[in-house]
Structures are given as C-alpha cells and as structure tokens.
Amino acid sequence: MPAPVPSILHSHAWQVSIGRLLLLVAAAAGVGYVSGHLQPALIAALGLYALWSLYTLLRMQRWLLARTRLPPPSGMGVWSEVAEFVFRRHQASRQRQRRLVRLLRAYREAAAVLPDGVVVLSPMRQLVWFNEAAARLLGLDPRRHRGVILDRLLRNAQILAWLGAARAHDPLIDVPSPVLPELRMSLRLIPYAHDQWLLVVRDVSTLLRLEQVRRDFVANVSHELRTPLTVLHGYLDLIEADDDPELDGMVREMRKQSLRMTRIVEDLLTLSRLDHQRESGDETVSMAAMLAGLRRDAEALSQQQHEIRVEASSARDLRGSEKDLHSAFGNLVANAVRYTPPGGRIVLRWFDEGDGSCFAVQDSGHGIPAEHLPRISERFYRVSTSRSREKGGTGLGLSIVKHVLGLHQARLQIESEVGVGSTFSAHFPPERVQEHAAGTAP
Ligand code: ADP
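Residues numbered from 1 in each chain as written. Predicted model: local features only at pLDDT ≥ 70, side-chain atom pairs only at ≥ 80, totals over all residues. Heavy atoms only, no water.

Participant: Would you take a moment to explain the pairing of strand S11 (residues 411–417) for this structure?
Facilitator: Remark: a regular strand shows side chains that alternate across the two faces of the sheet. In terms of strand pairing, S11 meets strand S12 (residues 421–428) through seven bridges, oriented antiparallel. Among the inter-strand pairings, Gln413 is bridged to a residue of S12, identified as Ser425. Where S11 folds back on S12, the antiparallel hairpin that results is connected by three residues, among which Gly419 adopts a positive phi of roughly 85°. (Pairing = 2+ DSSP bridges. Helix = DSSP H or I, 4+ residues; strand = E, 2+ residues; numbered from the N terminus.)

Structure representation (structure tokens):
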C-alpha cells in the first residue's frame, strides 16, 4: 500500500521554508518602510529568494546526476524533503533489483546444471539462452551461438519439420543427437510468457534401450513358444478319445487351452511387430470388401446367435495397411460378439464425419463400467478375467487396435453403458481416407 502523502501544513520543511520566506518579506518590508524604499526592498528580497532557490535546485540536480549512493545534501529547504523522498525510493528499488538479480542468478545456476537440456528461444527461434546439457546434446557453443537461429544449427530434417510445425503438445521422441548420433533425444517445445519458447531436450537413450530389451524379450519368448505349441497342438489333434468320455473331456480342454496359448503368442508377436513399426503401409484399403469380410468373420464367430448388421453410408476407402486394419477392426468385431449375450445386436458402421471418416462397432452387450475405460486398452487389462478367458480372449485385442490406429493417425473412442452396450469408434483423419475410385473392385 503506498504511504499517505503528508499535508504541507504538517511538513516540517514546508513550515520552515514558508516561515523563512515570510520572515524575509517582513524584514524587507521593515527595512523598506524605514528607508522609504518599500517596493525595491521587497523586489530585492524576492530576487534573493529566487536566486537561493535556483542554487538549491542546481545542488539537487548535481546530486541526482552524480547518481551517488550517498544521502542528499542537507539545507535545501523543501527540496531536501523531495530529495530525501527520491533517495528512499531509489534505495528501495536498488534493493529490489539486487534481490531480483540474486533470484535470477539462482534460477540460471539451477537451470544450468539440470540434467535435461533447456533452451530459451525467441519468437523467431533465436537462441536466447541455453544450459550445459543443451549445449552437449545439441552441439551448441555459448560463445558463438547465442542469438543464432536454431534452425540454422540443427540440420536434422525431422527436427526441422517438427520445429516448423511448432507442435507444442506433441513431443518429438527418439531423434538422434546432431553431435552424438548414438544418443537418442526427446524434444518438447513449451510456450511461455507472451511469445517465448522453451525447448526441453532429454537424453532418452537408456530408456529406449531398456524398452528395446523388454520388446526383444517378449518377441523372443513368443517366438520360442510358437514351435513347441504347434507340436503340442498337432499331437493333441491326433488323439482320438471318443471311446473314453473322461479322456475326451480332458483332451478337448487341452486343445482349447493350447489354442488360447497359440492366440496369445500370435497376438504378442503382432504387438511386437507393431511396436517396431514406425509407419503404416500406404495401400488403398477397399472398405466395401473390408466390411463384407468383417461381416463374414462376425457371423462365423456368432454362430447365428446375434443379429449382425452393416450400415455403410460412406463411399470412401482407407489408406494404410490392409492386414493391420483388418486385424484391428476384426478385434473390435470379435469383442462385440464375445461380450454380447445371445440374441443381442451388433452393427458395423462406416460413415463420413467432415473430411475424415469413422468405422464403428456398436453392440447391445454387457457394457464396460466407466472406471475401467481409461485402462481398457492396456495389455492384459480386462474387466472380467474369467469372462475374457471363457470367451477365448487374450487381453491383447484392444492394445493391437490402439497400436494400429496410432500408426494410421486415427483415434479410438469408446462409449459404453453397463447393461446397454458399447460403441467402439475409430476416427480417421482426412489424410487417411480417399474417395472410392470408380471401377475398383469392392
Ligand atoms: P480380450 O481378449 O480379453 O477381449 P481386449 O483387449 O480385446 O482383450 O479387451 C479388453 C477388455 O475390454 C476385455 O477383457 C473386456 O472386459 C472389455 N471389452 C472389450 N470389448 C468389449 C465390448 N464390446 N463389450 C464389453 N466389454 C468389452
């Protein structure tokens, strides 16, 4: 809160100055009256006062210009009070400035030793400041590169395209460092203040290596399990136990479980292949043929226990990998059949939404409680493990769906109500859809 301005009548300096002026005028009047030169005496007194005031002003100006840290000179009447006020303000602002400089230095020192690289960029992407980690990861030199536009220093096309798009919410992961190619980095661009940008560079080499070890392990285990399972499955198929009902039941259960294991292994191998893939294919995928195939799959799985409908209002096709898209859509359809009791209805939809298109599978099944929805596409996450197992689920279907859609820049949306049913929708962006070319076989 600003300090209240003292009234002139309560200011000692003002009282003294006004008193002095009155005294001078009275003295001049007295002298003038006695000498018979009242007017010249008064003019001389006021002139003297004006000279003194000018002189005081000169002293004050000198003090101000000297930027001295010493207190202002005394004996300047009212000006002393003004100077005192300026001096106090000046002192307070210097103290504030010192505090800010200390704080700034502490922040800079902390940012300088951060293990992650931090680069402050101007709106034109000029390097304003960067820490040691950024210098090491990006090959920046604090003496030569301050003020240089970042794009001129980074020659990596992937980084440049990403910077150009300035996708602040979309971090760029796994790019090689321009100076140490064996180092993998993740970059994130964060807007702050009005138009400043913070580029955060993180060394993710160890993380990616561990991730790779995990992926390779899963892929190798799955691969190694494939052959023994095929052998087991083959021998089980050869056993004929029709005469012994007890043995027959056991063999059927063993066949069922070995089939389930084979499906898990196949799904794990699919996931590990998708994990290694950076891009989807770019084939034209005929949606008419896809929908017809999916309907056949659904009918085969349902064994006429459900009403299955296809509603295709879009004449567009997709661009991507036919095999992967069939696997993703097939998982959605299989889930709809699996988790809808007999007599239920399953609708496969293909429709346009603006420039993009959507594939949706709606069922009138059990539905999914809302609290499970955020984690439903995690590997091996199930709402009911026993129901999933009983229906032959692997717990990997929705992970495959999510991966495949990610590779096609599509988004999975799940709406579900317990006891009413679920709708799984795959929303495809404009760059992934194309008008159905006339003459293309459906
Ligand atoms: P699973 O092989 O067990 O079906 P998914 O990854 O395909 O594995 O699905 C994960 C879980 O999501 C399932 O176990 C099931 O609980 C639930 N789920 C998936 N689709 C549906 C659906 N259409 N209706 C109800 N629950 C579903």
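From this point on, the discussion continues.
Participant: Sorry, what's going on with a positive patch on the surface here?
Facilitator: The grouping of Arg69, Arg89, Arg96, Arg98, Arg99, Arg102 and Arg105 at the surface amounts to a positive patch. Here Arg98 lies in helix H3 (residues 78–112). Exposure remark for Arg98: the relative accessible area of 43% places this residue in the partly exposed category. (Patch = residues over 30% accessible without salt bridge, like charges linked within 9 Å, V, L, I, M, F, W, Y side chains within 5 Å. Areas by Shrake-Rupley, 256 points an atom, 1.4 Å probe, with all protein chains shown as cover. Salt bridge = Lys/Arg side-chain N within 4 Å of Asp/Glu carboxyl O. Lys, Arg positive; Asp, Glu negative; His and termini not counted. Charge placed at Lys NZ, Arg CZ, Asp CG, Glu CD. Buried < 20%, exposed > 50% of the residue type's maximum accessible area, 1.4 Å probe, protein only.)

Participant: Looking at this model, I keep getting lost on helix H9 (residues 287–302). Mind explaining?
Facilitator: Each α-helix winds once per 3.6 residues, and so residues spaced three or four apart point in a common direction. Taking 1.5 Å as the rise per residue, H9 with 16 residues should run 22 Å; its terminal C-alpha atoms sit 22 Å apart, in good agreement. Turning to H9, its buried residues number three or more, namely Met287, Met290, Leu291, Gly293, Leu294, Ala298 and Ser302. Projected onto a plane normal to the axis of H9, the buried residues spread over an arc of 165° and lie on a single side. Of the surrounding secondary structure, the elements contacted by the buried residues of H9 are strand S6 (283–285), strand S7 (307–312), strand S8 (316–320), helix H10 (322–338), strand S9 (345–353) and strand S10 (356–363). (Expected span 1.5 Å × (residues − 1). Arc of directions from axis to C-beta. Contact = heavy atoms within 4.5 Å.)

Participant: What is the right way to read the nonpolar core from this model?
Facilitator: Looking at soluble globular proteins, one finds that nonpolar side chains tend to be buried together. In this structure, Leu318, Phe329, Phe359 and Phe428 are the most contacted members of the largest nonpolar core, which totals 39 residues. Those elements giving two or more residues to this core turn out to be helix H8 (245–276), H9, H10, S9, S10, helix H12 (397–407) and S12. For this core, the element with the most residues is H10, which contributes seven residues. With residues up to four places along the chain from it excluded, the contact list for Leu318 reads Glu283, Thr284, Val285, Met287, Leu325, Phe329, Trp350, Phe428, Arg432 and Val433. Counting 22 residues, the second-largest nonpolar core is a separate cluster that includes Phe130, Leu163, Met185 and Leu187. (Core = buried A, V, L, I, M, F, W, Y, C linked by side-chain atoms within 4.5 Å.)

Participant: What is the right way to look at the sheet that holds strand S3 (residues 172–176) in this model?
Facilitator: Spatially, S2-S1-S5-S4-S3 is the arrangement adopted by the five strands of the open sheet, whose pairing is antiparallel. Looking at the sheet topology across the chains shown, the edges are occupied by strand S2 (127–130) and S3. Sheet twist, expressed as the mean angle between neighbouring strand axes with direction ignored, is 25°. In terms of strand pairing, strand S4 (residues 184–192) meets strand S5 (residues 196–203) through eight bridges, oriented antiparallel. (Axes fitted to C-alpha atoms, helices over the stretch in contact; angles between N-to-C directions.)

Participant: Would you mind going over the site of the ligand with me for this structure?
Facilitator: Neighbouring residues of the ligand: 20 residues in total, closest Asn335, Tyr339, Ser388, Thr394 and Gly395. Separating an oxygen atom of the ligand from a side-chain N or O atom of Arg338 is a distance of 3.3 Å. Residue Leu398 places a main-chain N or O atom 2.8 Å away from an oxygen atom belonging to the ligand. Burial of the ligand by the protein chains amounts to 97% of its free accessible area of 520 Å². At the level of elements, H10, H12 and S12 are the ones that each hand at least two residues to the shell around the ligand. (Near = heavy atom within 4 Å. Polar contact = N/O pair within 3.5 Å; in protein donor to acceptor, adjacent residues only side chain to side chain.)

Participant: Which parts of the structure should I look at to understand the environment of Glu283?
Facilitator: Among the secondary structure elements, Glu283 is positioned in strand S6. The class of Glu283 is partly exposed, set by a relative accessible area of 39%. Taking the C-alpha atoms as reference, Glu283 lies 95 Å from Ala50; in sequence the two are 233 residues apart. Side-chain polar atoms of Glu283 contact the backbone nitrogen of Glu322, separated by 3.2 Å.

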